[in-house]
Amino acid sequence: MSPKKTRVLTITVHNNVSTKFASVMHKSLHKCQWRKPTGHVRFLSSQQDSSFRVCVVGSGPAGFYTAQSLLKNNPNVTVDILEKLPVPFGLVRYGVAPDHPEVKNVVNQFTNLAQSGRCNFLGNINIGTDVTVKELLNGYSAVVLAYGAASDRRLDIPGEDSEGVISARNFVGWYNGLPQDSELKPNLNTDTAVVIGQGNVALDVARILLTPIEILQKTDISENAISALRRSKVKQVYLVGRRGPLEVSFTIKELREMVKLPGTKPILDRSDFEGIDKLIPGLPRGRKRLIELLYKTALQSSNSQDERLETSQAAWGLKFLRSPLEIIQDQVDQQVKGVRFAVNTLQSQDGQTTAVPTGEEEFMECGLVLKSVGYKSIRLDPIVPFDHMKGIIRNTKGKVDGIQGLYCSGWVKRGAVGVILSSLNDSIETAKTISEDFTTGHIQHNNEGKDYLMKLLNNRGVKTVTFTDWLNIDEEERQRGQLQSKPREKISDITEMLKIAFRPQHEK
Ligand code: FAD
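Residues numbered from 1 in each chain as written. Predicted model: local features only at pLDDT ≥ 70, side-chain atom pairs only at ≥ 80, totals over all residues. Heavy atoms only, no water.

A. Looking closely at the site of the ligand. Residues in close proximity to the ligand total 31 residues, the closest being Ala62, Glu83, Leu91, Trp411 and Gly418. Isoleucine 420 places a main-chain nitrogen or oxygen 2.9 Å from an oxygen atom of the ligand. The protein chains hide 91% of the 1,000 Å² of surface that the ligand would expose on its own. Mapped onto the shell around the ligand, the elements with two or more residues apiece are helix H2 (61–73), helix H3 (90–94), helix H7 (200–210) and helix H15 (420–440). For the shell around the ligand, a count of residues per class yields 17 nonpolar, 11 polar and three charged. (Near = heavy atom within 4 Å. Polar contact = N/O pair within 3.5 Å; in protein donor to acceptor, adjacent residues only side chain to side chain. Areas by Shrake-Rupley, 256 points an atom, 1.4 Å probe, with all protein chains shown as cover. Helix = DSSP H or I, 4+ residues; strand = E, 2+ residues; numbered from the N terminus. Nonpolar A, V, L, I, M, F, W, Y, C, P; charged D, E, K, R; others polar.)

Written out as structure tokens, the structure reads:
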């Protein structure tokens, strides 16, 4: 569709008389708006309004960064950020580990944006259930899908769905107070846990399992989790990967934290590192430092003179060249008994290193299995073109293939990998694509936006949470945290969240 032509009546404002005249004109012209950009009054019929109302679905880093970039570069844009939960910030609140408070400081920037006047947060709206993407497209100039990754990659092996096998995503949600995971009951009545995967999320869950309670209880970890971890019998956590030490996907910060974790020692097999010292000098800089630390840790762990390593009660280990074949469950009590692994060797071809089974197998005994092989996005509305293999919305530089006015950003755009900063770069790209479409007229002006949406939601009985309402929850969580000498105690029950969000002023 081509953009509507804008006919503009311009009156130069010199004094109060002409301002009054402009005001009279404004009232008398049917459905007109007036704006004052640079000493001029511009009359635009509502159908020819020059403003763009953009709606962003998801209030994680991608949602906020896309809004920020759009608002910065387009003075005529307003943005509504819609969120399924009554609370904002996505994985910054519900993914980032409780003992990484410095990472969460980014919410201060998002809070400033939400209070800037041109950006509205509207929580407690589930897109795909309460309102469809098509309806959003009818009410807004552009819709940006930034709803992250709400599912897991699967191992596709027997026993994967047994009791005692938990996805790292659910475990992370549990210790971070995510409502849907707050009732999780991980089996901590076992001395050994196996984490399948060797990325940063795998290290996060291993660290939370082994960190002394005195440290954890000062963080914003959920009360449910802390009381379960207090009774935990887990003493060893093994992180298992299908390839070798050179292929691990965690980063140096997370490894360093494990190496220094009080009361624990690493268990690494020196034979896994044979010949690696010769390869280290040729590695790219960041990778070189990581593998150096891993190598040094392996040497220390196998000929330890260090008193801490000698006296540690708990341990973490990295097992390489193992692919899970089956999770074995006890036939009587249904508890996990262990994991059967295929032993691999590595083959290199065209610069790619792949794991190939040797035919040998190994059994590792454990009572808890955490799958940490990746988050995955899902399709939230049938009209959205989706690549189910990659778990992403089909798009070109953030523009959704074949649907005018629809864009995407963050993990749902490029796959569930990367840190918060990657979402910033990615969101800048999407915002740039949208801005170009504003300029070239590929996007329709739309002046309904929030009014249109609120009418729909009111008719459907959906109560939305504003940013001010969220601040009530925020305040309550901080107060509850203060009583326990922690930064906050997250409320994990949605009904309770809503009650606090809408609490009348006199009850506060
Ligand atoms: P998300 O943050 O997931 O945001 C998506 C939002 O969309 C959520 O609020 C969700 O509730 C909402 N949503 C979903 N469905 C709907 C719907 N139907 N309707 C409305 N809203 C919906 N990065 C770092 O830089 N440092 C770290 O320490 C770090 N730790 C991490 C730890 C873990 C366990 C994980 C999983 C990730 C971590 N990351 C970290 C990565 C970082 O969290 C991600 O890069 C980033 O959050 C991705 O942003 P996003 O906006 O795409 O998705």
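B. Representation of the pairing of strand S4 (residues 52–57) in the model. Judged by how many residues are buried, S4 sits mostly within the fold: five of six residues are covered. In terms of strand pairing, S4 meets strand S5 (residues 77–82) through six bridges, oriented parallel. Paired with valine 57 across the two strands is leucine 82, which belongs to S5. With respect to chirality, the unit in which S4 leads through H2 into the neighbouring parallel S5 is right-handed. With four bridges connecting them, S4 and strand S7 (residues 142–145) associate as parallel partners. By the bridge assignment for S7, valine 54 is matched with alanine 142. (Buried < 20%, exposed > 50% of the residue type's maximum accessible area, 1.4 Å probe, protein only. Pairing = 2+ DSSP bridges. Right-handed = clockwise from strand over helix to strand, strands pointing away.)

C. Fine view of the pattern of salt bridges. According to the stated counting rule, one finds 28 salt bridges in the structure shown. Residue lysine 413 pairs with glutamate 429 through a salt bridge whose shortest N-O separation is 2.7 Å. Of this pair, lysine 413 sits in helix H14 (residues 411–414) while glutamate 429 sits in helix H15; the two residues are 16 residues apart in sequence, bridging distant segments of the chain. Here glutamate 429 falls in the partly exposed class, since its relative accessible area comes to 33%. Here arginine 478 ties to aspartate 474 by a salt bridge, and the two come within 3.3 Å at their closest N and O atoms. Placement of the pair is arginine 478 and aspartate 474 together in helix H17 (residues 467–483), with a separation of four residues, close to one helical turn. The class for aspartate 474 is buried, based on a relative accessible area of 11%. If you follow the salt bridges from partner to partner, you end up with Arg93, Asp474, Glu477, Arg478 and Arg488 in one network. (Salt bridge = Lys/Arg side-chain N within 4 Å of Asp/Glu carboxyl O.)

D. Just the packing of aromatic side chains, in detail. Applying the stated criterion across every chain yields a total of 11 aromatic pairs. Arranged with centres 5.9 Å apart and planes meeting at 85°, the rings of phenylalanine 89 and tryptophan 470 form a pair that is edge-to-face. Of this pair, phenylalanine 89 sits in the loop between S5 and H3 while tryptophan 470 sits in helix H17; the two residues are 381 residues apart in sequence, bridging distant segments of the chain. Its relative accessible area of 4% is what places phenylalanine 89 among the buried residues. Judged by its relative accessible area of 3%, tryptophan 470 falls in the buried class. An aromatic cluster is present here, built from Phe64, Tyr65, Phe89, Phe110 and Trp470 joined pairwise through their rings. The side chain of lysine 319 reaches across the aromatic face of tyrosine 238, ending 5.8 Å from its centre. The side chain of lysine 463 reaches across the aromatic face of phenylalanine 502, ending 4.6 Å from its centre. (Phe/Tyr/Trp six-rings, centres within 6.5 Å; stacked < 30°, edge-to-face > 60°. Lys NZ or Arg CZ within 6 Å of the ring centre and 35° of its normal.)

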